[in-house]
Every structure is written in C-alpha cells, then in structure tokens.
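Letter by letter, the chains look like this.
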Amino acid sequence: MANILVVDDELGIRDLLFEILNDEGHAVEVAENAAQARMARQAARPDLVLLDIWMPDTDGVTLLKEWAGSGLLNMPVIMMSGHATIDTAVEATRIGAQAFLEKPITMQKLLKAVEQGLARKPPASASAKLGSSASKEAPAALDAPQAVVLPPTHQSFDLEQPLRDARDAFERAYFEYHLTQESGSMTRVADKTGLERTHLYRKLKQLGVDLSKAKRLA
C-alpha cells in the first residue's frame, strides 16, 4: 500500500481518483489547491502525487517548480490536465514530473501510471536527503492486493426470484469467484472475463460487491 496525494480543484475528479485508488489498497489524501497540497505533502510525506496543472490559486507547474527548487521533489509526481499544451507537458517533465495524464483519465491509464511511478526511484537529490527509504517502500506497494479478495464459497440460487435478481446474484458470485482465484487482481480478472477494467469496476459497484469487507478479509 502506498500513500498517494491527489491534487485537483474539481471535486468530481478528486472523488473519482480517491475511490479508484482507495479500492486498489492505497492510502489516499486529497487537496483542492496548492495551499492544501503543501500542507498535505508536509504532513503525510506521500509516496506519489497526482497533480493537476490548472488550479485557481497556484498552478501545478508552479507548485512543481517550488518543490523542485526547495529540495522537496522527493516523490514521483504525475501531472494531469485536460487543456495543457505539449510545451506545458514538456516543461513539467523537465522540472521533474515523471508522467503526464490527459483528462479524461481512464482507470487503466491511471493505474498503469501509478504503478510505473511507484516503481521508479525519486530524483537523485531526494535520494541523498531521504536515504533509500522511499525506494524500499515502493515495491511493497506494488505487491499489495489490488482490489477485492473474497473467500471461495459454494453458491446456491433461488430460482423463484425474478430473472433480473437471479442474474445479479449469479454475476456477483461469478466475479467474487474470479477475484478470489486471481488474488484480487482487477487486471487479471478483467483479462479473464473479457471486460475492460473501467467496465469491471463499475460492474462490481453495480452488483454491490462489498469492497471494504473484501479488503479486511485480504
């Protein structure tokens, strides 16, 4: 499990990223502007930051420069924007950002970028200040269960109930079985069931799979 800071002024995006990353087993903090991001970064020392470029008080590139100039860019930063130009993305990368995600962000691209970001070492200046602690913690985050782990059970179905209810019960049991078989990996379950990850995630929510209970069992 990694500590991830999400910085975005749009409530809907913050909530969506929080929900997806939290379901993947990460500890997630959110900030709606640069001021909150500064405090969250100081208090939580995140393993990775998702940083929006366009924000009302201080934009993401300026905040990235601030962290880099003061020796605080000791964690991977992934920039996000729906309106940034190529020049802006190049500038952010030059400053020290490790990746750039264009909005709207699909769940597959988000999780891939997060996984790659956590696998990378922080900048050299940060490594000198923090030693090897960050690089040691990152692999553990990648090894953590990604989503749901439920115990295998023998299922029985009430054939007297309406077709829709019976179908939902079957699908719920079907996905719980495959999640158990694949050790909770949403990626492997998506591949095995032939569903795109975003569709699978929404399907689990629709079927009422108890993700929090599954994490406790994991």
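The notes below deal with the structure included here. It should be emphasised that the depicted structure is a prediction, and the values quoted were computed from it without experimental measurement.

The rules we used
Residues numbered from 1 in each chain as written. Predicted model: local features only at pLDDT ≥ 70, side-chain atom pairs only at ≥ 80, totals over all residues. Heavy atoms only, no water. Helix = DSSP H or I, 4+ residues; strand = E, 2+ residues; numbered from the N terminus. Expected span 1.5 Å × (residues − 1). Buried < 20%, exposed > 50% of the residue type's maximum accessible area, 1.4 Å probe, protein only. Patch = residues over 30% accessible without salt bridge, like charges linked within 9 Å, V, L, I, M, F, W, Y side chains within 5 Å. Areas by Shrake-Rupley, 256 points an atom, 1.4 Å probe, with all protein chains shown as cover. Salt bridge = Lys/Arg side-chain N within 4 Å of Asp/Glu carboxyl O. Lys, Arg positive; Asp, Glu negative; His and termini not counted. Charge placed at Lys NZ, Arg CZ, Asp CG, Glu CD. Core = buried A, V, L, I, M, F, W, Y, C linked by side-chain atoms within 4.5 Å. Contact = heavy atoms within 4.5 Å.

### Digging into helix α1 (residues 11-23)
- Taking 1.5 Å of rise per residue, 13 residues should cover 18 Å, and α1 covers 18 Å from first to last C-alpha, within 8% of that figure.
- Turning to α1, its buried residues are R14, L17, I20, L21 and D23.
- Downstream of α1 by a residue or two, G25 has a phi angle that is positive, lying close to 100°.

### Some points on a negative patch on the surface
- A surface patch of like charges, here negative, comprises D9, E10, E32 and D57.
- Here E10 lies in the loop between β1 (3-7) and α1.

### A few points about the nonpolar core
- Counting residues in hydrophobic clusters, the biggest one holds 28 residues, and the most contacted among them are I4, L21, L50 and L110.
- Every element with two or more residues in this core is listed here: β1, α1, β3 (48-52), β4 (77-81), α5 (107-119), α8 (163-181), α9 (186-193) and α10 (197-207).
- By residue number, the principal contributor to this core is α5, which donates six residues.
- If sequence neighbours within four positions are ignored, L50 has contacts with I4, L5, V6, V7, L17, L21, I78, M80, L101 and L110.

### Section: the pattern of salt bridges
- According to the stated counting rule, one finds six salt bridges in the structure shown.
- Notably, a salt bridge pairs K103 with D8, separated by 2.6 Å at the nearest N-O pair. Of this pair, K103 sits in the loop between β5 (99-102) and α5 while D8 sits in the loop between β1 and α1, and the two are 95 residues apart along the sequence. In this pair, the class of K103 matches that of D8, namely buried.
- A salt bridge links E91 to K65, with the nearest nitrogen and oxygen atoms 3.0 Å apart.

### Regarding the environment of R41
- Of note, R41 is situated in helix α2 (residues 34-44).
- Judged by relative accessible area, R41 falls into the buried class, the value being 7%.
- Taking the C-alpha atoms as reference points, R41 and L72, 31 residues apart in sequence, are found 9.0 Å from one another.
- Residue contacts for R41: discarding those within four places in its chain leaves L5, P46, W67, L72, N74 and M75.

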